[in-house]
Amino acid sequence: MRIVLIVAQSLDGFITRHSEPGAEWTSPADKKWFRESLGQFDAQVMASKTYATVRERILQENCPAPFRMIMTRQPDQFADDQIPGKLEFSSAEPASIRDRLINAGCHACALLGGATAHDAFLATELVDEMWVTIEPRIFGTGTPVVAKRQDRELVLIDSQRLPKSDSVVLKYRIRS
Ligand SMILES: NC(=O)c1ccc[n+]([C@@H]2O[C@H](COP(=O)([O-])OP(=O)(O)OC[C@H]3O[C@@H](n4cnc5c(N)ncnc54)[C@H](OP(=O)(O)O)[C@@H]3O)[C@@H](O)[C@H]2O)c1
């Protein structure tokens, strides 16, 4: 299964504006691009703090949705939200999460943060690509894209300026 890490960051490498939860700060151009890009994926993985920022919207969805796996060390705390095969909570390692999605018939997974999920997956060989929106913002503080020591090499496969914006999307393949 193909796994693509998708993230919007400030020019100085933060995925949140200071300590503010959520990604409201991203540009309208990125929000549109992100929404459209997610249509290519039948699975999503995110960690629990990121889930908390989109939980209401996910629980209200009544259209066909991707299979979402939420990384948490305390899956029992989310028992009321769980919808087997659609929205599951797991304390498993990335490889087991990937296997669960494959067994459910998924082919393409968007890895949607936050830093904890990035750290865990980038420490494995499981991530195929990274799609990064560089937003023309500087925050100085916030949650970094990656918080743990890593040393990965990437190959640029595409770059584009988003329409009517100063935002740039860079697509990289991760060297194994
Ligand atoms: N700009 C962007 O593109 C973007 C993308 C994603 C997120 N964000 C923002 O980033 C913020 C969240 O990022 P974050 O790094 O603070 O949090 P996060 O990665 O979303 O979630 C962290 C939580 O995951 C759980 N966890 C930690 N290690 C784990 C492991 N090995 N296995 C399973 N679960 C584990 C822990 O919660 P438990 O107590 O549940 O175990 C931990 O508190 C939010 O504000 C979100 O909106 C921005």
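What this report covers is the structure whose coordinates are included nearby. Every chain's residues receive numbers from 1 upward, in the order its sequence appears when written. Totals for whole chains, interfaces and linings use all residues, but because this is a predicted model, local features are given only for residues with pLDDT of at least 70 and pairs of side-chain atoms are given and counted only at 80 or more. Excluding hydrogens and water, the side-chain figures rest on all heavy atoms present in the structure.

### Concerning the pattern of salt bridges
Definition used for salt bridges: Asp or Glu carboxyl oxygen within 4 Å of a side-chain nitrogen of Lys or Arg. If you walk through the whole model with that rule in mind, you get 12 salt bridges. A salt bridge links glutamate 129 to arginine 2; the nearest nitrogen and oxygen atoms lie 3.2 Å apart. Within this pair, whereas glutamate 129 is found in strand S6 (residues 129-135), its partner arginine 2 is found in strand S1 (residues 2-10), the two being separated by 127 residues in sequence. Burial status follows relative accessibility: with a 1.4 Å probe on protein chains alone, a residue under 20% of its type maximum counts as buried, one over 50% as exposed, and anything between as partly exposed. Judged by relative accessible area, which is 14%, glutamate 129 ranks as buried. Arginine 2 gets classed as partly exposed once you look at its relative accessible area, which sits at 34%. The partner of glutamate 61 in a salt bridge is arginine 57, with the nearest N and O atoms 3.7 Å apart. On the basis of relative accessibility, which here comes to 27%, the residue glutamate 61 falls in the partly exposed class. If you follow the salt bridges from partner to partner, you end up with Arg55, Glu56 and Asp81 in one network. Going along the chain from the N terminus, every DSSP run of H or I of four or more residues is numbered as a helix, and every run of E of two or more is numbered as a strand.

### Some details on helix H1 (residues 28-38)
Within H1, the full set of buried residues consists of Ala29, Asp30, Trp33, Ser37 and Leu38. Seen end-on, H1 carries its buried residues on one side only, within an arc spanning 155°. In H1, those exposed residues whose orientation departs by more than 90 degrees from the buried face are Pro28, Arg35 and Glu36. The directions from the helix axis to the C-beta atoms are what the arc is built from.

### Side note on the environment of leucine 126
Inspection of the secondary structure assignment puts leucine 126 in the loop between helix H4 (115-122) and S6. Exposure remark for leucine 126: the relative accessible area of 14% places this residue in the buried category. Considered as a pair, leucine 126 and glutamate 36 are 90 residues apart in the sequence and their alpha carbons are 23 Å apart. With residues up to four places along the chain from it excluded, the contact list for leucine 126 reads Ile3, Pro94, Ala95, Arg98 and Phe121. Here, two residues are considered to be in contact whenever any of their heavy atoms come within 4.5 Å of each other.

### So, the packing of aromatic side chains
Side-chain rings of Phe, Tyr and Trp (the six-membered ring for Trp) are treated as a pair once their centres are within 6.5 Å; stacked means planes under 30 degrees apart, edge-to-face means over 60, and tilted covers the remaining angles. If you walk through the whole model with that rule in mind, you get six aromatic pairs. Taken together, the ring pairs in this structure connect Trp33, Phe41 and Trp131 into an aromatic cluster.

### A word on the site of the ligand
Here a residue is near a molecule or strand as soon as one of its heavy atoms is found within 4 Å of it. Taken together, 23 residues surround the ligand, and among them Ala8, Ser48, Thr50, Thr72 and Arg73 come closest. We call two N or O atoms a polar contact when they sit within 3.5 Å, provided that within protein one can donate a hydrogen and the other can accept it, with sequence-adjacent residues counted only if both atoms are side-chain atoms. Serine 48 places a side-chain nitrogen or oxygen 2.7 Å from an oxygen atom of the ligand. The separation between an oxygen atom of the ligand and a polar side-chain atom of glutamine 74 is 2.9 Å. For the shell around the ligand, the leading source of residues is helix H2 (residues 48-60), giving four residues. Residues are grouped as follows: nonpolar covers Ala, Val, Leu, Ile, Met, Phe, Trp, Tyr, Cys and Pro; charged covers Asp, Glu, Lys and Arg; every other residue, Gly included, is treated as polar. Looking at the shell around the ligand residue by residue, the class counts come to 10 nonpolar, 11 polar and two charged.

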